[in-house]
Amino acid sequence: MQEETDITHRDYAIPEKTVRTVKEMDADEQPREKAEKYGCRVLSIPELWALILRTGTPGYPITDLCRDLMKMNKGSLHRLERRTRKELMDLKGIGMTKCIQVEAALELIKRYCKEEIPEEEPIRHSNQIYERMRHTIGNIDHEEIWVLYLNRRNQIIKELKMTSGTSTASLFDLKVAIKHALLENADGLILCHNHPSGSKVSSPQDDKLTQELKTACNFMNLRFLDHVIVTANGFFSYQDSMKL
């Protein structure tokens, strides 16, 4: 079947009825407000284009322009991709800038589809944690506590700095650590903090925090894999030392 490629202003004329501006629409009808409230997944393709192209022309809001843009392509992004710049600019409100924006968005789609999903290396031993965190907290002059959240395959899905303290201590909110585990749908976690003094010996306070977090994780059916104390020249692992 022969593709229809001819585009005329007559085919996509603007209705003569009064057209509301985006600001005059109800909040739930405005693409940006809908995206903020519900997320971009609820938006139609024309509404997504409206977020990208942003502005229309007097009497012809961007939402109407983008509906006409997809209408002229029978609702198909594949058809849209095959349009030349001249064909796109035959639609009122589309100039060179918007043509390039459309091309850039479609190019991003193609590159996204071709991209291989990077595979996070599973955490198998404490040295991986040390190598990951030593450049972040190993040589700073104050204590920081971090939590690494893992999925069922022991891949890190999020790193979160919980607190930053003094050269000798840092407060830790147990409830916040567990809350983020639930929000991230994590299966397990690893606790990390540094000793600015360089000591690779755990303190009684470290031991107490470790046991409290272990108890909380057991109660919430979360795996507590390790607590690693990081310094500039080495580390201490509760798991390796059988203190967990």
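Please read all numbers here as calculations on a predicted model, not as lab measurements.

**Observations regarding the overall build of the protein**
Per the secondary structure count, the protein includes 9 helices and 5 strands. Buried positions account for 40% of the 244 residues belonging to the protein. For the protein, contacts bridging at least 24 residues in sequence account for 60% of all contacts bridging at least 6. Here the protein has roughly 15500 Å² of accessible surface; of this, 52% comes from carbon and sulfur atoms.

**Brief notes about unusual backbone geometry**
A positive phi is found at Asn-154, a non-glycine position, where the angle reads about 65 degrees. Topologically, Asn-154 is positioned in the loop between strand S1 (144–150) and strand S2 (156–164). Its identity as a non-glycine residue notwithstanding, Asn-185 has a phi of 55 degrees, on the positive side. With respect to the element layout, Asn-185 can be found in the loop between helix H8 (174–183) and strand S3 (188–194).

**Focus on the pairing of S2**
Pairing geometry for S1 and S2, over 7 bridges, is antiparallel. Bridge assignment links Tyr-149 to a residue of S2, and that residue is Lys-158.

**A few points about the packing of helix H2 (residues 45–53) against helix H6 (residues 96–114)**
In the contact formed by H2 and H6, the axes pass within 10 Å of each other and the chain directions differ by 120 degrees. The orientation of H2 relative to H6 falls into the category oblique. Once H2 is placed against H6, the crossing between them reads as right-handed. Across the interface between the two elements, Trp-49, Ile-52 and Leu-53 of H2 pack against Lys-98, Gln-101, Val-102, Ala-105 and Leu-106 of H6. Here the residues of the contact of H2 with H6 are counted per class, giving 6 nonpolar, 1 polar and 1 charged.

**So, the side chain of Asp-187**
With respect to the element layout, Asp-187 can be found in the loop between H8 and S3. At a separation of 2.7 Å, a polar atom in the side chain of Asp-187 contacts the side chain of Arg-223. Aside from chain neighbours lying at most four places away, what touches Asp-187 is Leu-150, Asn-151, Arg-152, Leu-222 and Arg-223.

**Remarks on the environment of Leu-69**
Residue position: Leu-69 is located in helix H3 (residues 62–71). Leu-69 has contacts with Trp-49, Leu-53, Leu-80, Leu-88 and Leu-91, leaving out every residue within four places of it along the chain.

**A few points about the packing of helix H1 (residues 31–38) against H2**
Viewed as axis vectors pointing N to C, H1 and H2 meet at an angle of 105 degrees, and their least axial separation amounts to 9 Å. Classified by the interaxial angle, the pair formed by H1 and H2 is roughly perpendicular. Contacts between H1 and H2 involve Pro-31, Arg-32, Lys-34 and Ala-35 from the former and Glu-47, Ala-50 and Leu-51 from the latter. Of the residues in the contact of H1 with H2, the class split is 4 nonpolar, no polar and 3 charged.

**Looking at helix H9 (residues 204–219)**
Look at H9: 23 Å from first C-alpha to last across 16 residues, which is about the 22 Å you get at 1.5 Å a residue. Taken as a whole, H9 has its buried residues at Asp-206, Leu-209, Thr-210, Leu-213, Ala-216 and Cys-217. Along the axis of H9, the buried positions cluster into a sector of 130 degrees, meaning they face one direction only. In H9, those exposed residues whose orientation departs by more than 90 degrees from the buried face are Pro-204, Lys-208, Thr-215, Asn-218 and Phe-219. Contact partners of the buried residues in H9: S1, H8, S3 and strand S4 (223–231). Positive phi appears at Asn-221, one or two residues downstream of H9, with a value of about 60 degrees.

**Concerning a nonpolar patch on the surface**
A cluster of nonpolar side chains, contributed by Leu-48, Leu-51 and Ile-52, occupies part of the molecular surface with about 200 Å² of accessible area. Within the element layout of this structure, Leu-48 appears in helix H2.

**A short note on the sheet that holds S3**
Ordered in space as S2-S1-S3-S4-S5, the 5 strands form an open sheet in which the pairing is mixed. Whereas interior strands pair on both sides, the edge strands pair on one side only; in this sheet they are S2 and strand S5 (234–237). Sheet twist, expressed as the mean angle between neighbouring strand axes with direction ignored, is 20 degrees. Taken strand by strand, helix H7 (residues 126–137) contacts S1, S2, S3, S4 and S5, and its axis lies near 45 degrees from that of S4. The sheet strands contacting H9 are S1, S3 and S4, and the helix crosses S4 at an angle near 155 degrees.

Reading guide: rules and limits
- Residues numbered from 1 in each chain as written.
- Predicted model: local features only at pLDDT ≥ 70, side-chain atom pairs only at ≥ 80, totals over all residues.
- Heavy atoms only, no water.
- Helix = DSSP H or I, 4+ residues; strand = E, 2+ residues; numbered from the N terminus.
- Buried < 20%, exposed > 50% of the residue type's maximum accessible area, 1.4 Å probe, protein only.
- Contact = heavy atoms within 4.5 Å.
- Areas by Shrake-Rupley, 256 points an atom, 1.4 Å probe, with all protein chains shown as cover.
- Pairing = 2+ DSSP bridges.
- Axes fitted to C-alpha atoms, helices over the stretch in contact; angles between N-to-C directions.
- Parallel < 35°, antiparallel > 145°, perpendicular 65-115°, else oblique.
- Left-handed = near helix turned anticlockwise from the far one by under 90°.
- Nonpolar A, V, L, I, M, F, W, Y, C, P; charged D, E, K, R; others polar.
- Polar contact = N/O pair within 3.5 Å; in protein donor to acceptor, adjacent residues only side chain to side chain.
- Expected span 1.5 Å × (residues − 1).
- Arc of directions from axis to C-beta.
- Patch = residues over 30% accessible without salt bridge, like charges linked within 9 Å, V, L, I, M, F, W, Y side chains within 5 Å.
- Salt bridge = Lys/Arg side-chain N within 4 Å of Asp/Glu carboxyl O.

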